[in-house]
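As a plain string of letters, each chain reads:
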Amino acid sequence: MANVVEMDYFSSFKKQLESEGIDYVANQIDFDVAPVDCLRFLAELHRVFGTERVSLLDERVRRSAFLVAGGVLTLPQDTESIRCDPSWRVQTSIPPALKDRTVDIVCMDATTEQSLIACMTSGANGVQVDFDDGFQCGWQNVRNSHTTLKNVVATRTASETSDAVLLVRPRSLNLSEFHVLVDGAPVSGSLFDFGVHMFHSVKSTIANKECDAFPERSQLGLNQEFLLAYYKLLVAIAHQRGIAATGGMSPLFPSGAATELSPEELESVYKGKLAEAELGFDGALVAHRSAVEACRKAFSNRSDIKVASIDGDIWHYHKSLLAIPKGDITLAGVNSSITVLVLYILKWLKGVGATAINGVVEDLATAEINRALLWRWIRSHIKTKEGVLISFQYVLKSAREIAMSNNVKPVDFTNLERVISILLHSHSFIDFMPTIMYPFVTTIQFEAQLGTLLEWICEGVVRVTPKQLETNRLDFLLSSGIHGNETAPIELMDKILQMISTDQLIPVGCRLLFIYGNPDSIRAGKRFIDVDINRLFNGRHSDQEYSGCLESKRAELLERISLEFFTALKPKSNLVVEQIHYDMHTAIRGSKIEKFAIYPKSNASSPKQLARLAQSDLEAVVIQNEVGRSFSWFTHSKAKVESFTLELGKASPFKQNQEIDLSRLENKLISMIDGSEGCIDLDSANNLQLFKVSREIIKKTDSFKLNLDLNYVNSIRCPVFQLPCGSKRCYDPGLYTCPKPGLICPLGHVVHASHEAKDVFNI
Ligand SMILES: [Zn+2]
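Below is a summary of the structure that appears in this document. (Residues numbered from 1 in each chain as written. Predicted model: local features only at pLDDT ≥ 70, side-chain atom pairs only at ≥ 80, totals over all residues. Heavy atoms only, no water.)

**Concerning the packing of helix H11 (residues 331–349) against helix H14 (residues 410–425)**
- Direction vectors running N to C along H11 and H14 enclose 120°, while the axes themselves pass 10 Å from each other. What the angle tells us is that H11 and H14 run oblique. Remark: the crossing between H11 and H14 carries right-handed chirality. Seen from H11, the contacting residues are Leu341, Val342, Ile345, Leu346 and Leu349; seen from H14, they are Asp412, Asn415, Leu416, Val419, Ile420, Leu423 and Leu424.
- Looking at the contact of H11 with H14 residue by residue, the class counts come to 10 nonpolar, one polar and one charged. (Axes fitted to C-alpha atoms, helices over the stretch in contact; angles between N-to-C directions. Helix = DSSP H or I, 4+ residues; strand = E, 2+ residues; numbered from the N terminus. Parallel < 35°, antiparallel > 145°, perpendicular 65-115°, else oblique. Left-handed = near helix turned anticlockwise from the far one by under 90°. Contact = heavy atoms within 4.5 Å. Nonpolar A, V, L, I, M, F, W, Y, C, P; charged D, E, K, R; others polar.)

**Topic: the sheet that holds strand E5 (residues 176–182)**
- An order of E1-E5-E6 is seen for the three strands of this open sheet, with the pairing classed as antiparallel. Strands with a single pairing partner mark the edges of an open sheet, and in this sheet they are strand E1 (22–24) and strand E6 (185–188). For this sheet, the mean angle separating the axes of adjacent strands, direction not counted, is 55°.
- Note that E1 and E5 share three bridges and pair antiparallel. Note on E5: the bridge partner recorded for aspartate 23 is leucine 181. (Pairing = 2+ DSSP bridges.)

**Here's the deal with the side chain of threonine 635**
- Positionally, threonine 635 belongs in helix H20 (residues 631–638).
- Given a relative accessible area of 1%, threonine 635 falls into the buried group.
- Polar contacts involving the side chain of threonine 635 include one to the side chain of histidine 581, which spans 2.8 Å.
- Excluding its chain neighbours within four sequence positions, the residues that come into contact with threonine 635 are Leu477, Ser562, Phe566, His581, Lys640, Val641 and Ser643. (Buried < 20%, exposed > 50% of the residue type's maximum accessible area, 1.4 Å probe, protein only. Polar contact = N/O pair within 3.5 Å; in protein donor to acceptor, adjacent residues only side chain to side chain.)

**Focus: the pattern of salt bridges**
- As enumerated under the stated definition, the model contains 30 salt bridges in all.
- Across the pair glutamate 362 and arginine 217 runs a salt bridge whose closest N-O atoms are separated by 3.2 Å. Of the two residues, glutamate 362 is situated in strand E10 (residues 360–362) and arginine 217 in the loop between helix H6 (189–207) and helix H7 (225–240); the sequence distance between them amounts to 145 residues.
- Judged by its relative accessible area of 3%, glutamate 362 falls in the buried class.
- What makes arginine 217 partly exposed here is its relative accessible area of 23%.
- Here arginine 523 ties to glutamate 459 by a salt bridge, and the two come within 2.9 Å at their closest N and O atoms. Taken as a pair, arginine 523 in helix H17 (residues 519–524) and glutamate 459 in the loop between strand E12 (453–458) and strand E13 (461–465) lie far apart in primary sequence, 64 residues in all.
- On the accessibility criterion, glutamate 459 (37% relative accessible area) is partly exposed.
- Each of Glu578, Lys608, Arg612, Lys668 and Glu677 takes part in one network of salt bridges that share partners. (Salt bridge = Lys/Arg side-chain N within 4 Å of Asp/Glu carboxyl O.)

**Brief notes about helix H12 (residues 364–379)**
- With 16 residues, H12 should reach 22 Å at 1.5 Å per residue; the first-to-last C-alpha distance of 22 Å fits that figure.
- Those residues of H12 that fall on the buried side of the exposure criterion are Thr366, Ala367, Glu368, Asn370, Arg371, Leu373, Leu374, Trp375, Trp377 and Ile378.
- Elements in contact with the buried residues of H12: H11, E10, helix H13 (392–405), H14 and helix H15 (433–441).
- Backbone nitrogen of alanine 365 and a side-chain oxygen of the N-cap are separated by 3.2 Å at the start of H12; the cap is aspartate 363. (Expected span 1.5 Å × (residues − 1).)

**Comments concerning the packing of aromatic side chains**
- Taken as a whole, this structure holds nine aromatic pairs when the rule is applied.
- Aromatic side chains phenylalanine 131 and phenylalanine 135 sit 4.9 Å apart centroid to centroid with 65° between the ring planes, which places their arrangement in the edge-to-face category. Of the two residues, phenylalanine 131 and phenylalanine 135, both sit in the buried class.
- Geometrically, the ring pair formed by phenylalanine 565 and phenylalanine 566 is edge-to-face, given 5.1 Å between the ring centres and 65° between the ring planes. Neither phenylalanine 565 nor phenylalanine 566 differs from the other in exposure class; each is buried.
- If you follow lysine 297 out to its NZ or CZ, it ends over the ring of tyrosine 270, 4.6 Å from the centre. (Phe/Tyr/Trp six-rings, centres within 6.5 Å; stacked < 30°, edge-to-face > 60°. Lys NZ or Arg CZ within 6 Å of the ring centre and 35° of its normal.)

**Section: the coordination of the zinc ion**
- Surrounding the zinc ion are the protein donor atoms His483 (ND1), Glu486 (OE), Glu486 (OE) and His585 (ND1), at 2.0 to 2.4 Å.
- Given the relative accessible area of 1%, histidine 585 is considered buried. (Donors = N, O, S within 2.8 Å, 3.2 Å for Na, K, Ca; no water.)

**Focus: the nonpolar core**
- In this structure, Phe476, Phe514, Tyr582, Leu613 and Leu646 are the most contacted members of the largest nonpolar core, which totals 45 residues.
- Here this core gets eight residues from one element, more than from any other, and that element is helix H16 (residues 488–501).
- Residues in contact with phenylalanine 476, not counting those within four places in the same chain, are Cys510, Arg511, Leu512, Leu513, Phe565, Ile580, Tyr582, Leu669, Met672 and Ile673.
- If you look at the next biggest cluster of nonpolar residues, it comprises 39 residues, including Tyr344, Ile378, Leu424 and Met437. (Core = buried A, V, L, I, M, F, W, Y, C linked by side-chain atoms within 4.5 Å.)

**Observations concerning the pairing of strand E17 (residues 595–600)**
- Taken across its six residues, E17 has six buried, putting it largely inside the fold.
- Side-chain alternation along E17 places Lys595, Ala597 and Tyr599 on one buried face and Phe596, Ile598 and Pro600 on a second face that is also buried.
- Pairing analysis gives four bridges linking E17 to strand E19 (residues 642–650), with the strands arranged antiparallel. Within E19, the residue paired with phenylalanine 596 across the bridge is glutamate 647.
- The pairing of E17 with strand E18 (residues 620–624) spans five bridges and is parallel.

**A closer look at the sheet that holds strand E2 (residues 104–107)**
- Sheet architecture is open: three strands sit in the order E2-E3-E4, paired in parallel fashion. Both edges of this open sheet fall to E2 and strand E4 (165–169), since each of them pairs with a single strand only. Adjacent strand axes in the sheet meet at a mean angle of 25°, parallel and antiparallel pairs treated alike.
- As judged from the five bridges shared by strand E3 (residues 126–130) and E4, these two strands associate in the parallel manner.

**Here's the deal with H13**
- Here H13 contains 14 residues, and its C-alpha end-to-end distance of 20 Å stays within 8% of the 20 Å for a straight helix at 1.5 Å per residue.
- Every buried residue of H13 is accounted for by Phe392, Tyr394, Val395, Leu396, Ser398, Ala399, Ile402 and Ala403.
- On the buried face of H13, the contacting elements are H11, H12 and H14.
- Backbone geometry just downstream of H13 places asparagine 407 in the positive-phi region, at approximately 50°.

**Focus: a negative patch on the surface**
- A cluster of acidic residues, Glu594, Glu619, Glu659 and Asp661, forms a negative patch on the protein surface.
- Along the polypeptide, glutamate 659 turns up in the loop between E19 and helix H21 (663–674). (Patch = residues over 30% accessible without salt bridge, like charges linked within 9 Å, V, L, I, M, F, W, Y side chains within 5 Å. Areas by Shrake-Rupley, 256 points an atom, 1.4 Å probe, with all protein chains shown as cover. Lys, Arg positive; Asp, Glu negative; His and termini not counted. Charge placed at Lys NZ, Arg CZ, Asp CG, Glu CD.)

**Let's talk about the packing of H11 against H15**
- Direction vectors running N to C along H11 and H15 enclose 45°, while the axes themselves pass 10 Å from each other. With respect to their mutual orientation, H11 and H15 come out oblique. The two elements H11 and H15 meet at a crossing, and its hand is right-handed. Between H11, through Leu341, Tyr344, Ile345, Trp348 and Leu349, and H15, the contact on the second element is made entirely by Met433, Pro434, Met437, Tyr438, Phe440 and Val441.

**Brief notes about the environment of leucine 477**
- Position of leucine 477 among the secondary structure elements: in strand E14 (residues 474–480).
- For leucine 477, a relative accessible area of 0% puts it in the buried group.
- Sequence spacing of leucine 477 and aspartate 583 is 106 residues, and the spatial spacing of their C-alpha atoms is 8.1 Å.
- Setting aside residues up to four positions removed in sequence, leucine 477 forms contacts with Leu513, Ile515, Ser562, Phe565, Phe566, Ile580, His581, Tyr582, Phe631 and Thr635.

**Re unusual backbone geometry**
- Positive phi, normally seen in glycine, also occurs at asparagine 358, with a value near 50°.
- Checked against the element boundaries, asparagine 358 lands in the loop between strand E9 (355–357) and E10.
- Judged by its relative accessible area of 71%, asparagine 358 falls in the exposed class.
- Its identity is not glycine, yet asparagine 407 carries a phi of approximately 50°, on the positive side.
- If you trace the backbone, asparagine 407 turns up in the loop between H13 and H14.

Now the structure itself:
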């Protein structure tokens with residue numbers, strides 16, 4: 001059965017790729033070598049560089065014809081200027097990993113991991129994996145060699161070895177790879193070898209770039225260009241605008257039993273503040289009362305010092321603000337960052353916002369610096385000077401040791417571990433630590449008079465727990481506002497929450513999670529702010545092209561919260577708990593079928609679920625078996641729950657939803673929540689029209705037109721319209737006749753690698 005489903009996926013991927021002009025002449029297992037996104041990458045390489053390759057090969061033919069006709073070989077004219085310029089260099093700075101090229105070894109056979117690893121550990125500086133001269137380019141060899149490379153890169157770069165640098169030598173320009181056809185032509189073997197290898201290893205390759213990581217915190221001082229420029233700008237601007245410029249805080253704090261700073265520490269305070277005074281600051285901050293005099297002395301001695309002045313245009317310092325700080329990363333520096341972060345989080349969770357650690361006051365700002373450094377180092381697979389890889393596991397192991405030596409209680413350690421995991425494991429950088437820590441120290445909750453508990457989890461997320469949880473029979477996730485301008489379901493959820501909080505509706509055996517998907521876009525009354533969030537689920541939010549988008553972080557958060565609701569928080573009970581997710585939407589325009597559900601499904605549909613939808617006034621269900629990026633696809637595939645995207649009519653602004661009648665859905669939801677639903681009449685499912693996704697049409701250019709017989713359609717942008725059997729519709733590149741009655745609905749949008757938007761229509 002599983003194989004059948006997988007085969008379905010395989011063929012559906014192939015179909016999808018074909019519609020994008022990509023043909024993969026290979027077996028299902030070969031998707032491991034070149035998965036769907038890799039094939040798309042290869043197609044892009046082919047489309048960008050393929051022509052140039054062919055013209056180079058053509059040039060070769062022209063040259064030999066020229067020779068045959070009696071021509072004499074000469075050096076090409078268009079590179080004359082380079083030959084005449086002795087200062088011309090390949091690159092100003094060679095990547096550090098490639099500086100020492102004393103010994104490289106050729107790996108003649110990369111089809112097994114054994115032989116490749118033997119070369120990597122041979123003591124040579126580099127290993128050349130040869131797809132060129134020493135390679136027989138049959139598919140078996142191509143597939144096995146790339147599989148080896150992929151596996152070795154994934155496992156070896158994360159280990160603490162001094163392996164030789166991998167140098168992949170692709171096939172020569174004349175060879176084609178006939179297993180991947182793009183727009184009907186085979187891709188170049190060289191682009192295939194390059195593309196597949198880069199696709200699988202780009203993360204660790206980028207990580208090895210030297211400039212990618214900041215030095216440790218102890219080296220982030222006034223010696224760094226960006227910080228000095230920042231200080232100078234601050235002073236100059238403050239004085240220009242007639243306001244005092246105050247410097248940083250001297251964080252020294254008496255440690256141990258001491259109540260005052262020692263003379264040495266006071267000297268250090270004085271020196272630090274004197275340096276700031278020299279830069280023109282008017283004063284500074286200290287952390288301990290015993291440092292007040294030392295600080296005052298530094299600034300009162302200022303008259304003796306020539307105050308550095310900034311001449312000319314102060315704004316030229318802006319450039320220096322972007323200078324990447326330089327320096328080392330030592331094990332001691334890393335451990336110090338971990339210590340500060342761990343102890344700071346523990347204190348914060350216990351109610352303390354600034355704390356002295358090893359004689360230095362740490363506050364949120366300094367904890368954030370350490371957190372940011374650790375996150376960056378982990379993501380870049382940085383090794384310390386001593387050769388220790390800074391991994392998430394290393395940080396967690398150290399955190400555990402620190403917690404042990406500080407006698408931290410298990411429950412506190414669990415919270416610490418959770419906070420650290422979220423902060424350091426997240427793919428995108430989390431802006432502020434308190435956003436993550438706040439829910440651990442704050443329970444905004446409300447208990448209805450009859451005992452129902454309503455808890456605010458984070459913005460737009462409310463969890464409802466019935467008074468008696470032992471009889472739990474249903475975990476119900478209701479979401480709306482995934483698109484901010486689809487207001488009717490938001491109003492419906494509000495109404496239900498109001499009823500629950502006032503005991504007009506009492507959940508019985510039903511835990512609920514209410515999610516308002518995209519609060520920012522709800523406030524703005526727009527579908528989305530940066531990008532449609534409903535195409536970012538199932539991990540898509542981590543794609544490079546969405547980094548920094550508001551919605552990608554929200555999608556990551558909603559994935560975590562919903563998964564937690566359905567799994568981690570599931571109460572231990574012998575009862576079979578039904579788990580359901582309704583993600584409620586409305587559509588931009590009125591539609592032929594007003595209310596329908598999209599049912600992410602890779603196996604049999606549940607008659608009970610279908611009957612419920614029919615009883616809720618839904619008219620049709622589209623069974624979607626292509627892998628999706630929607631919220632309901634995520635909960636279906638990851639939490640294994642019965643998930644539906646409900647399209648409930650035409651979208652209107654708040655309080656203008658009179659046109660939409662959601663009363664039957666509302667009654668259904670209420671009966672599911674309070675347990676009054678009773679026996680479900682499965683026959684009512686017969687009232688539903690069922691559709692299966694049979695084909696996708698992807699819009700590739702703006703000239704694309706979906707021409708439909710307007711007898712059946714009100715508007716080309718109708719979300720759903722029906723097609724009688726035999727109706728003809730044409731779209732580029734051809735004419736298609738509907739073999740049986742069908743339905744057409746755009747289910748979403750995907751963004752092409754070239755950033756061109758395409759509409760995906762499912763028929
Ligand atoms: Zn929507």
